[in-house]
Amino acid sequence: VQLQASGGGLVQAGGSLRLSCAASGSIFSIDIMGWYRQAPGKQRELVASISGGSTNYADSVQGRFTISRDNAKNTVYLQMNSLKPEDTAVYYCNAKILSSGIGRHYWGQGTLVTVSS
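The paragraphs below set out a description of the structure included in this document. (Residues numbered from 1 in each chain as written. Predicted model: local features only at pLDDT ≥ 70, side-chain atom pairs only at ≥ 80, totals over all residues. Heavy atoms only, no water.)

## Brief notes about the environment of Arg18
Topologically, Arg18 is positioned in strand β3 (residues 17-24). On the basis of relative accessibility, which here comes to 46%, the residue Arg18 falls in the partly exposed class. Along the sequence, Arg18 and Phe28 sit 10 residues apart, while their C-alpha atoms lie 27 Å from each other. Excluding residues within four positions of it along the chain, Arg18 makes contact with Ser6, Gly7, Tyr77, Leu78 and Gln79. (Helix = DSSP H or I, 4+ residues; strand = E, 2+ residues; numbered from the N terminus. Buried < 20%, exposed > 50% of the residue type's maximum accessible area, 1.4 Å probe, protein only. Contact = heavy atoms within 4.5 Å.)

As structure tokens, this is what we get:
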């Protein structure tokens, strides 16, 4: 099982980016999917998660970011609007996947988002 993230890049403050993360491999089912981020010198933090029809957001991104998923494509998205310089970080996707009878969390490789002021 692999998670492949994409969509990061350089954007000016106030701009938008859309991150994607596709899961592939021997997947029976996917439970919760989410996005985390880690800024230089800081701990990794949860940005948003989605499970079934429920979503959860960090206070710092509430109202600006939207998480969604396409179950047919085993893909989770993060639409990021009104970006701020403090959103600069490496963004990682995470998913709890049931594969070969074992459920565990998997991490994507990370995609860098840089927001210039």
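Moving on from the coordinates now.
## Description of the state of the cysteines
Within the structure shown, the criterion is met by one disulfide. A sulfur-sulfur separation of 2.0 Å characterises the disulfide bridge that pairs Cys21 with Cys93. Where Cys21 bonds to Cys93 through sulfur, the torsion about that S-S bond is close to 55 degrees, and the disulfide is right-handed. With Cys21 in strand β3 and Cys93 in strand β9 (residues 89-99), this pair connects stretches of sequence that are 72 residues apart. Under the relative-accessibility criterion, Cys93 is labelled buried at 0%. (Disulfide = S-S within 2.5 Å.)

## Overview of the pairing of strand β6 (residues 54-57)
Sheet analysis places strand β5 (residues 45-51) next to β6, joined by four bridges and oriented antiparallel. Along β6, the bridge assignment pairs Ala48 with Tyr57. Linking β5 back to β6 in an antiparallel pair, the connection comprises two residues, with Gly52 at a positive phi of about 60 degrees. (Pairing = 2+ DSSP bridges.)

## Topic: the pattern of salt bridges
One pass over the structure, following the stated rule, counts three salt bridges. For Asp87, the salt bridge is made with Arg64, and the minimal N-O distance between the two is 2.8 Å. In this pair, Asp87 sits in the loop between β8 (75-80) and β9 while Arg64 sits in the loop between β6 and β7 (65-70), placing the two residues 23 residues apart along the sequence. Taken as a pair, Asp87 and Arg64 share a single burial class, namely buried. A cluster of three or more residues bridged by salt bridges with shared partners is formed by Arg37, Glu45, Arg64 and Asp87. (Salt bridge = Lys/Arg side-chain N within 4 Å of Asp/Glu carboxyl O.)

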